[in-house]
Amino acid sequence: MSKKWYVLHTYSGFENKVKADIEHRVESMGLENNVFDIQIPTETVTEIKEGGRRVTSEKKVFPGYVLIRMELDDRSWAAVRNTPGVTGFVGSQGKPAALSRDEYNKIMRRTSPDVPKKTSTDLVVNQTVRIISGPLADFDGVISEVNADAGKVKVMVSIFGRETPVELTFDQVARIV
(Lines give C-alpha, C1' and ligand atoms only; values in the text may rest on other atoms or scores of the structure.)
Protein backbone atom coordinates (compact mmCIF):
# COMPACT_ATOMS: atom_id res chain seq x y z
CA MET A 1 0.00 0.00 0.00
CA SER A 2 1.17 3.51 -0.66
CA LYS A 3 0.24 7.00 0.48
CA LYS A 4 -1.98 8.65 -2.13
CA TRP A 5 -4.14 11.74 -2.41
CA TYR A 6 -7.89 11.20 -2.65
CA VAL A 7 -10.77 13.62 -3.03
CA LEU A 8 -13.65 13.56 -0.57
CA HIS A 9 -17.04 14.98 -1.41
CA THR A 10 -18.59 16.82 1.54
CA TYR A 11 -21.62 18.94 2.22
CA SER A 12 -20.78 22.40 0.90
CA GLY A 13 -19.76 24.72 3.72
CA PHE A 14 -18.75 21.80 5.99
CA GLU A 15 -15.20 21.37 4.64
CA ASN A 16 -13.45 22.77 7.75
CA LYS A 17 -15.69 20.78 10.11
CA VAL A 18 -15.04 17.58 8.11
CA LYS A 19 -11.28 18.22 8.26
CA ALA A 20 -11.40 18.74 12.05
CA ASP A 21 -13.66 15.69 12.55
CA ILE A 22 -11.38 13.44 10.46
CA GLU A 23 -8.31 14.67 12.37
CA HIS A 24 -10.09 13.87 15.65
CA ARG A 25 -11.21 10.41 14.41
CA VAL A 26 -7.68 9.58 13.17
CA GLU A 27 -6.30 10.40 16.61
CA SER A 28 -9.00 8.56 18.59
CA MET A 29 -8.93 5.46 16.34
CA GLY A 30 -5.13 5.25 16.13
CA LEU A 31 -4.99 5.78 12.36
CA GLU A 32 -1.96 8.12 12.37
CA ASN A 33 -0.12 5.59 10.17
CA ASN A 34 -2.93 5.60 7.60
CA VAL A 35 -4.07 9.22 7.29
CA PHE A 36 -1.24 11.71 6.77
CA ASP A 37 -2.58 15.04 5.55
CA ILE A 38 -5.86 16.84 4.84
CA GLN A 39 -6.04 19.91 2.60
CA ILE A 40 -8.82 22.35 1.74
CA PRO A 41 -7.46 24.31 -1.24
CA THR A 42 -8.19 28.04 -0.96
CA GLU A 43 -7.24 31.13 -2.95
CA THR A 44 -7.24 34.84 -2.15
CA VAL A 45 -9.97 36.75 -3.98
CA THR A 46 -10.41 40.52 -4.00
CA GLU A 47 -14.00 41.67 -4.53
CA ILE A 48 -14.82 45.19 -5.60
CA LYS A 49 -17.89 46.34 -3.69
CA GLU A 50 -20.10 49.38 -4.18
CA GLY A 51 -18.11 52.59 -4.44
CA GLY A 52 -14.87 50.81 -5.31
CA ARG A 53 -14.33 49.38 -1.82
CA ARG A 54 -11.99 46.37 -2.02
CA VAL A 55 -12.64 43.34 0.17
CA THR A 56 -10.05 40.55 0.19
CA SER A 57 -11.04 37.11 1.43
CA GLU A 58 -10.07 33.46 1.24
CA LYS A 59 -12.39 31.39 -0.95
CA LYS A 60 -12.41 27.64 -1.36
CA VAL A 61 -11.14 26.59 -4.79
CA PHE A 62 -13.50 23.58 -4.81
CA PRO A 63 -16.40 24.12 -2.40
CA GLY A 64 -17.72 20.77 -1.18
CA TYR A 65 -14.41 18.93 -1.62
CA VAL A 66 -11.50 18.04 0.67
CA LEU A 67 -8.18 16.44 -0.32
CA ILE A 68 -6.87 13.68 1.91
CA ARG A 69 -3.53 11.86 1.76
CA MET A 70 -3.89 8.38 3.12
CA GLU A 71 -3.09 4.73 2.83
CA LEU A 72 -6.40 3.24 1.85
CA ASP A 73 -7.45 0.08 3.67
CA ASP A 74 -10.77 -1.07 5.13
CA ARG A 75 -10.26 0.65 8.50
CA SER A 76 -9.11 4.02 7.14
CA TRP A 77 -11.77 3.97 4.40
CA ALA A 78 -14.54 3.29 6.93
CA ALA A 79 -13.27 5.92 9.39
CA VAL A 80 -13.15 8.63 6.74
CA ARG A 81 -16.28 7.57 4.83
CA ASN A 82 -18.39 7.50 8.00
CA THR A 83 -17.29 10.96 9.18
CA PRO A 84 -20.32 13.26 9.52
CA GLY A 85 -20.53 15.62 6.53
CA VAL A 86 -18.66 13.28 4.15
CA THR A 87 -20.87 12.08 1.30
CA GLY A 88 -18.22 9.86 -0.25
CA PHE A 89 -14.94 9.55 -2.10
CA VAL A 90 -14.63 10.78 -5.67
CA GLY A 91 -14.16 7.80 -7.96
CA SER A 92 -16.05 5.42 -10.20
CA GLN A 93 -18.22 2.42 -9.33
CA GLY A 94 -17.95 3.23 -5.63
CA LYS A 95 -14.16 2.88 -5.60
CA PRO A 96 -12.05 5.88 -4.53
CA ALA A 97 -9.82 7.13 -7.34
CA ALA A 98 -6.38 8.42 -6.31
CA LEU A 99 -5.15 11.71 -7.75
CA SER A 100 -2.04 11.58 -9.87
CA ARG A 101 0.90 13.69 -8.64
CA ASP A 102 0.23 15.97 -11.64
CA GLU A 103 -3.44 16.48 -10.73
CA TYR A 104 -2.56 17.22 -7.11
CA ASN A 105 0.13 19.73 -8.14
CA LYS A 106 -2.29 21.48 -10.52
CA ILE A 107 -4.88 21.86 -7.77
CA MET A 108 -2.39 23.08 -5.17
CA ARG A 109 -0.69 25.48 -7.62
CA ARG A 110 -3.85 27.64 -7.46
CA THR A 111 -3.33 28.08 -3.71
CA SER A 112 0.29 29.22 -4.06
CA PRO A 113 1.09 32.75 -2.85
CA ASP A 114 2.83 33.34 -6.22
CA VAL A 115 -0.43 32.92 -8.18
CA PRO A 116 -1.96 36.27 -9.23
CA LYS A 117 -4.87 37.12 -6.97
CA LYS A 118 -8.35 36.92 -8.45
CA THR A 119 -10.61 39.92 -8.55
CA SER A 120 -14.36 39.63 -8.76
CA THR A 121 -17.02 42.23 -9.24
CA ASP A 122 -20.73 42.52 -9.78
CA LEU A 123 -20.22 44.80 -12.80
CA VAL A 124 -21.60 43.32 -16.04
CA VAL A 125 -21.63 44.14 -19.77
CA ASN A 126 -24.39 46.59 -20.88
CA GLN A 127 -24.66 48.02 -17.35
CA THR A 128 -24.81 51.82 -17.05
CA VAL A 129 -22.17 53.28 -14.74
CA ARG A 130 -20.97 56.68 -13.58
CA ILE A 131 -17.26 57.43 -13.65
CA ILE A 132 -16.36 58.61 -10.15
CA SER A 133 -12.68 59.51 -10.48
CA GLY A 134 -10.12 60.59 -13.07
CA PRO A 135 -10.38 63.09 -15.92
CA LEU A 136 -13.83 61.76 -16.97
CA ALA A 137 -15.37 61.94 -13.48
CA ASP A 138 -19.16 62.51 -13.54
CA PHE A 139 -19.53 61.11 -17.08
CA ASP A 140 -21.97 58.24 -17.54
CA GLY A 141 -21.29 55.29 -19.81
CA VAL A 142 -22.20 51.71 -20.64
CA ILE A 143 -19.85 48.80 -19.88
CA SER A 144 -18.79 47.01 -23.07
CA GLU A 145 -16.22 44.66 -21.51
CA VAL A 146 -15.30 43.35 -18.04
CA ASN A 147 -11.80 42.01 -17.36
CA ALA A 148 -12.04 40.62 -13.82
CA ASP A 149 -8.47 39.26 -13.83
CA ALA A 150 -7.02 42.71 -14.55
CA GLY A 151 -9.64 44.52 -12.42
CA LYS A 152 -10.65 46.71 -15.38
CA VAL A 153 -13.75 47.57 -17.40
CA LYS A 154 -14.13 49.10 -20.83
CA VAL A 155 -16.84 51.77 -20.76
CA MET A 156 -18.39 53.40 -23.82
CA VAL A 157 -18.61 57.12 -23.00
CA SER A 158 -20.26 59.72 -25.19
CA ILE A 159 -17.66 62.48 -25.73
CA PHE A 160 -18.55 65.28 -28.17
CA GLY A 161 -21.42 63.15 -29.48
CA ARG A 162 -19.24 60.12 -30.26
CA GLU A 163 -19.10 56.81 -28.40
CA THR A 164 -15.54 56.45 -27.14
CA PRO A 165 -14.17 53.32 -25.37
CA VAL A 166 -12.42 54.16 -22.11
CA GLU A 167 -10.55 51.60 -19.99
CA LEU A 168 -11.04 52.12 -16.25
CA THR A 169 -10.33 50.23 -13.04
CA PHE A 170 -13.23 48.82 -11.03
CA ASP A 171 -12.81 51.52 -8.36
CA GLN A 172 -13.21 54.33 -10.92
CA VAL A 173 -16.83 53.45 -11.68
CA ALA A 174 -20.05 53.11 -9.70
CA ARG A 175 -23.27 51.44 -10.75
CA ILE A 176 -26.17 53.74 -11.48
CA VAL A 177 -29.15 52.31 -9.67
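Residues numbered from 1 in each chain as written. Predicted model: local features only at pLDDT ≥ 70, side-chain atom pairs only at ≥ 80, totals over all residues. Heavy atoms only, no water.

1. Some words on the pairing of strand S12 (residues 152-159)
Alignment of strand S11 (residues 140-147) against S12, held across six bridges, turns out to be antiparallel. Note that in S12 the partner of Gly 141 across the bridge is Val 157. From the end of S11 to the start of S12, which pair antiparallel, there are four residues, and Gly 151 there has a positive phi angle of about 70°. The pairing of S12 with strand S13 (residues 162-169) spans eight bridges and is antiparallel. In the sheet register, Val 155 faces S13, and the bridge partner there is Val 166. The turn linking S12 back onto S13 is made up of two residues, and Phe 160 within it adopts a positive phi angle of 55°. (Pairing = 2+ DSSP bridges. Helix = DSSP H or I, 4+ residues; strand = E, 2+ residues; numbered from the N terminus.)

2. Details of the environment of Thr 128
Relative to the assigned elements, Thr 128 resides in strand S10 (residues 128-131). Looking at Thr 128, the relative accessible area reads 36%, which means it is partly exposed. Each C-alpha atom, one on Thr 128 and one on Gln 93, is 50 Å from the other, the two residues being 35 residues apart in sequence. With residues near it in sequence (within four places) discarded, Thr 128 still touches Gly 141, Val 142, Arg 175 and Ile 176. (Buried < 20%, exposed > 50% of the residue type's maximum accessible area, 1.4 Å probe, protein only. Contact = heavy atoms within 4.5 Å.)

3. Brief notes about a nonpolar patch on the surface
Where nonpolar side chains cluster on the molecular surface, the patch consists of Phe 62, Tyr 65 and Val 90 and spans about 230 Å² of accessible area. Note that Val 90 resides in the loop between strand S6 (86-89) and strand S7 (91-92). (Patch = residues over 30% accessible without salt bridge, like charges linked within 9 Å, V, L, I, M, F, W, Y side chains within 5 Å. Areas by Shrake-Rupley, 256 points an atom, 1.4 Å probe, with all protein chains shown as cover. Salt bridge = Lys/Arg side-chain N within 4 Å of Asp/Glu carboxyl O.)

4. A few points about the packing of aromatic side chains
What the rule picks out here adds up to three aromatic pairs. Here the aromatic rings of Trp 5 and Tyr 104 are separated by 4.4 Å at their centres, their planes lie at 15°, and the arrangement is stacked. Highlighted residues: Trp 5 in strand S1 (residues 4-10) and Tyr 104 in helix H3 (residues 101-109), separated in sequence by 99 residues. Just as Trp 5 is buried, Tyr 104 falls in that class too. The ring of Phe 36 is capped by Lys 3, whose NZ or CZ atom sits 4.8 Å from the centre of that ring. (Phe/Tyr/Trp six-rings, centres within 6.5 Å; stacked < 30°, edge-to-face > 60°. Lys NZ or Arg CZ within 6 Å of the ring centre and 35° of its normal.)

5. Considerations on the pairing of strand S5 (residues 65-70)
As defined by bridge partners, S1 adjoins S5 across six bridges and the pair is classed as antiparallel. Residue pairing across strands places Leu 8 opposite Val 66, the latter belonging to S5. Relative to S5, strand S2 (residues 35-39) runs antiparallel, the two being bridged by four bridges. If you follow Ile 38 over to S5, its bridge partner there is Ile 68.

6. Brief notes about helix H2 (residues 74-81)
Inspection of H2 places Ser 76, Ala 79 and Val 80 among the buried residues, and these make up the whole buried set. Projected down its long axis, H2 shows its buried positions confined to an angular sector of 90°, all on one face. Against the buried residues of H2 lie S1, helix H1 (15-29), S2, S5 and S6. The opening residue of H2 is Asp 73, an N-cap whose side-chain oxygen sits 3.1 Å from the backbone nitrogen of Arg 75. (Arc of directions from axis to C-beta. Polar contact = N/O pair within 3.5 Å; in protein donor to acceptor, adjacent residues only side chain to side chain.)

7. Focus on the side chain of Asn 34
Tracing the chain through its elements places Asn 34 in the loop between H1 and S2. For Asn 34, a relative accessible area of 10% corresponds to the buried category. Of note is the side chain of Asn 34, whose polar atom sits 2.9 Å from the side chain of Asp 73. In this structure Asn 34 touches Arg 69, Met 70, Glu 71, Asp 73 and Ser 76, once residues within four positions along its chain are discounted.

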